[in-house]
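Secondary and tertiary structure notes
These are the residues of each chain, in order.
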Amino acid sequence: MNIPSVSSPKQARFNDVLRQYVLRQGDTPLILAQRLCEWCGHAPELEIDLALSNIGLDLLGQARHFLSYAATLAGTGRDEDHLTFGRNEREFLNLLLVEQPNGGFNDTLVRQFFIDAYHVLLHQALSQSRDPQLAAISAKSLKEVEYHLRFSRGWMIRLGGGTALSHEKIQQSVNQLWRFTGELFQCDEIEQQLAEEGIAVDPGTLHEPWLQIINKTFAEAALAVPQASPYRQGGKQGLHTEHLGYLLAEMQYLQRTYPNCNW
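Computed from a prediction, not measured in an experiment: that's the story for all the values here.

Cut-offs used in this document
Residues numbered from 1 in each chain as written. Predicted model: local features only at pLDDT ≥ 70, side-chain atom pairs only at ≥ 80, totals over all residues. Heavy atoms only, no water. Disulfide = S-S within 2.5 Å. Buried < 20%, exposed > 50% of the residue type's maximum accessible area, 1.4 Å probe, protein only. Patch = residues over 30% accessible without salt bridge, like charges linked within 9 Å, V, L, I, M, F, W, Y side chains within 5 Å. Areas by Shrake-Rupley, 256 points an atom, 1.4 Å probe, with all protein chains shown as cover. Salt bridge = Lys/Arg side-chain N within 4 Å of Asp/Glu carboxyl O. Helix = DSSP H or I, 4+ residues; strand = E, 2+ residues; numbered from the N terminus. Contact = heavy atoms within 4.5 Å. pLDDT = per-residue confidence, 0-100.

The next thing to look at is the state of the cysteines. Tallied over the entire structure, the rule returns zero disulfides. We note that C37 lacks a disulfide partner, and the nearest cysteine sulfur, in C40, lies 7.1 Å from it. We classify C37 as partly exposed; its relative accessible area is 41%.

What follows is the structure in structure tokens.
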């Protein structure tokens, strides 16, 4: 990569742009991991309980790698724990989709399927990044998210093509969560700049292959793609739904109450 000298203002600006991008990649799996862990002990059956917990742990590991890299880019001496427990709601840059409540298993499943299909495509692209750290994290994450997609896609087909009730519930969840999917593919100045340098991926280029996965799965599950256009956005800029604040209050409670506590 043609990166300016470490001490230059241009390098500082570049590092800040890259840091924000890396934070986005870390915050999304972090928040989704927290959501999935809420299912522990409450899933419909033991197999699903274990699967959701393991997927959550995979996502937490991905988040740690990205957030650790973001902390290094910040150069403040803080680590991924501070980024997780020391930021407020407006400082999180996760996608709005992953902060939506679990609801029933049907809601969790559809949310997971939408983000899994996106993550597979994202990490396939980022594994070719000119930034060696991003490429390494994504190459490792790709092996995990491919399994996540097999799990969620299999259940989408099973429930969509199951009983009339299971089909109705899955379709309702698709209709409810569809409005959050457009944000996955919106490209802003940060992503555009880094994509032009071969570091990031323009998310707009992932939309068509994502739709191919969705359409193929929906055809097998006898589900309908909603007609309404997705319209909710702002998570990547720190503008969130009302649900994130409650999630953070629970996730950050111990460190907020007893700062720097150790086990």
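This next bit is on a nonpolar patch on the surface. Together, Y253, L254 and Y258 make up an exposed nonpolar region whose accessible area comes to about 340 Å². In this fold, L254 is placed in helix α10 (residues 253-257). On the basis of relative accessibility, which here comes to 38%, the residue L254 falls in the partly exposed class.

Examined against the element boundaries, L149 turns out to sit in helix α5 (residues 132-160). Not counting residues within four places of it along the chain, the set of residues in contact with L149 comprises F113, D116, A117, V120 and G154.

This next bit is on the confidence of the model for the protein chain. On average, residues of the protein chain score 93 in pLDDT, and 97% of them are at 70 or above. In this model residues 2-6 is a low-confidence stretch, pLDDT under 50, and it forms seven contacts with partners more than four residues away in sequence or in other chains.

Another aspect to go through is the side chain of Q62. Positionally, Q62 belongs in helix α2 (residues 46-74). Filtering out sequence-adjacent residues up to four positions away, Q62 remains in contact with P29, H123, S141, E144, V145 and H148.

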